[in-house]
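Now for the letters of each chain:
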Amino acid sequence: MTEVLSNFNNLAIGDLNFICSRCRLAWRLRLHGEAMSPDTRLLVFTDLDATLLDESYGFGAAKPALDALRECGHPLVLASSKTVAEMRELAARLALSTPMIAENGGVLAMPNGNAGWHVQIRGLDRHIIARHAHAWRCRVGDYFRGFMDWDVDEISAQTGLDLKSAALAGERQATEPIIWQGSAECRRDFVLAMRQQGIRLVQGGRFAHLMGEVDKADGLRAVCDFYHRGSPITKWIKVALGD
């Protein structure tokens, strides 16, 4: 099976723990020459909040799966609305050097071979997004506030993050999180005006995210291409995890 499960709503960490336990057993049999099969590997994509990470931003529940993936050589790719700066810190905690899909697919960080990443903006640059959004606000009314309007203290207050984490969350490159404060009718007008500029408004939990015409599935496909080019004889089984 090589189907890409791209909606990030397919499996829970408990399911992945089970899958990885089976893969670990199969890998050990291969190592002992008891079941030699074609080169088949998992390529696992995971969202972060409420998926890989728990409410305290820990990953203890996922540790059996993480250990099994590492032992068997199956890549784990982080995918999130978070910034590359935020995800670098988590990747360091997890000892990962695999690609990262950041800002809901607006930014892709690919390994550069020097214990780092080459960062690519896949959507619109954040400053272009903000220019169009703020121009609309000047014309029509002060109906939203976003990260570009706030200093680190205010980002911390709005998100509940500590100051260090708030600073990392503010290092956005291809998205602008906003809080809508106007009417539903004004919001519809705003969405239409932004769409004419190639900008989408994607509702998250507390924030709506202004971004270009890309999403996590675009990043997933780019990462799949990266692994297929790097190991074309491997049969990659793609697994996507989300809440």
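Below is a short write-up of the structure. Within any chain, residue numbers begin from 1 and follow the written order of that chain's sequence. Only residues with pLDDT of at least 70 are given local features in this predicted model, and only at 80 or more are side-chain atom pairs given and counted; all residues enter the totals for whole chains, interfaces and linings. Side-chain metrics rest on all non-hydrogen atoms present in the structure, leaving aside hydrogens and water.

**Notes on the environment of Ser-97**
Definition in use: Put simply, DSSP marks the helices as runs of H or I at least four residues long and the strands as runs of E at least two long, and each gets a number from the N terminus on. Any two residues having at least one pair of non-hydrogen atoms within 4.5 Å are treated as being in contact.
In this structure, Ser-97 sits in the loop between α3 (84–94) and β3 (100–102). Beyond its immediate sequence surroundings of up to four residues, Ser-97 is in contact with Pro-111 and Trp-117.

**Some thoughts on the side chain of Glu-86**
Worth spelling out the cut-off: Three exposure classes are used, based on accessible area relative to the maximum for each residue type with a 1.4 Å probe and protein chains only: buried under 20%, partly exposed in between, and exposed over 50%. Under the counting rule used here, the positive set is Lys and Arg, the negative set is Asp and Glu, and His together with the chain ends is not counted. Basic side-chain nitrogens of Lys or Arg form a salt bridge, by our definition, when they fall within 4 Å of a carboxyl oxygen of Asp or Glu. Polar contacts, as counted here, are pairs of nitrogen or oxygen atoms within 3.5 Å of one another; within protein the pair requires one atom able to donate a hydrogen and one able to accept it, and residues that are adjacent in sequence qualify only if both atoms are side-chain atoms.
Within the secondary structure, Glu-86 sits in helix α3. For the buried Glu-86, no salt bridge exists, and the shortest N-O distance to an oppositely charged side chain is 4.2 Å, to Lys-82. Here the side chain of Glu-86 touches Thr-83 through a polar contact of 2.9 Å, landing on its backbone nitrogen. Residue contacts for Glu-86: discarding those within four places in its chain leaves Leu-161, Ser-165, Leu-168, Ala-169 and Arg-172.

**Notes on helix α8 (residues 216–230)**
Side chains that are three or four residues apart share a direction in an α-helix, a result of its 3.6 residues per turn. Where we set the bar: One fewer than the residue count of a helix, multiplied by 1.5 Å, yields its expected span.
If you check α8, its first and last C-alpha atoms are 21 Å apart, about what 15 residues at 1.5 Å a residue would give, namely 21 Å. All of the buried residues in α8 are Lys-216, Ala-217, Gly-219, Leu-220, Ala-222, Val-223, Cys-224 and Tyr-227. Put simply, Asp-215 is the residue that caps the front of α8, since its side-chain oxygen is 3.0 Å from the backbone nitrogen of Ala-217.

**Regarding the layout of surface pockets**
Here is the rule we go by: Here the term cavity refers to a set of points on a 1 Å grid, laid over the protein atoms alone, in which a 1.4 Å probe fits but cannot get out; the term pocket refers to an open set having protein on both sides within 12 Å along at least five of seven lines, with lining residues being those that place an atom within 4 Å of a point. Grid points are joined across faces, edges and corners, and a volume is the space filled by probe spheres set on the points.
Roughly 360 Å³ of volume is contained in the second largest pocket. In this structure, the second largest pocket is lined by 14 residues; those nearest its centre are Tyr-57, Glu-86, Glu-89, Arg-93 and Ser-165. Listing elements by their share of the lining of the second largest pocket, those giving two or more residues are α3 and α6 (163–169). Sorting elements by how many residues they give to the lining of the second largest pocket places α3 first, with 5 residues.

**Overview of α3**
Of the residues making up α3, those classed as buried are Val-84, Ala-85, Glu-86, Met-87, Leu-90, Ala-91 and Leu-94. Those residues of α3 that are buried are in contact with α2 (63–72), β2 (76–79), β3, β4 (107–111), β5 (117–121) and α6. Trailing α3 by a residue or two, Ala-95 shows a phi angle of about 55°, which is positive.

**Topic: the pattern of salt bridges**
One pass over the full model with this rule turns up 10 salt bridges. Asp-47 serves as the salt-bridge partner of Lys-216, at 3.0 Å between the closest nitrogen and oxygen. In this pair, Lys-216 sits in helix α8 while Asp-47 sits in the loop between β1 (40–46) and α2, placing the two residues 169 residues apart along the sequence. Like Lys-216, the residue Asp-47 is buried in the burial classification. Between Asp-49 and Lys-82 there is a salt bridge whose closest N-O contact spans 3.7 Å. Pair noted here: Asp-49 is in the loop between β1 and α2 and Lys-82 is in the loop between β2 and α3, with a separation of 33 residues, a long-range link. Take Asp-49: its relative accessible area is 33%, and that puts it in the partly exposed class. Through salt bridges with shared partners, a single network forms among Arg-137, Asp-142, Arg-145 and Asp-149.

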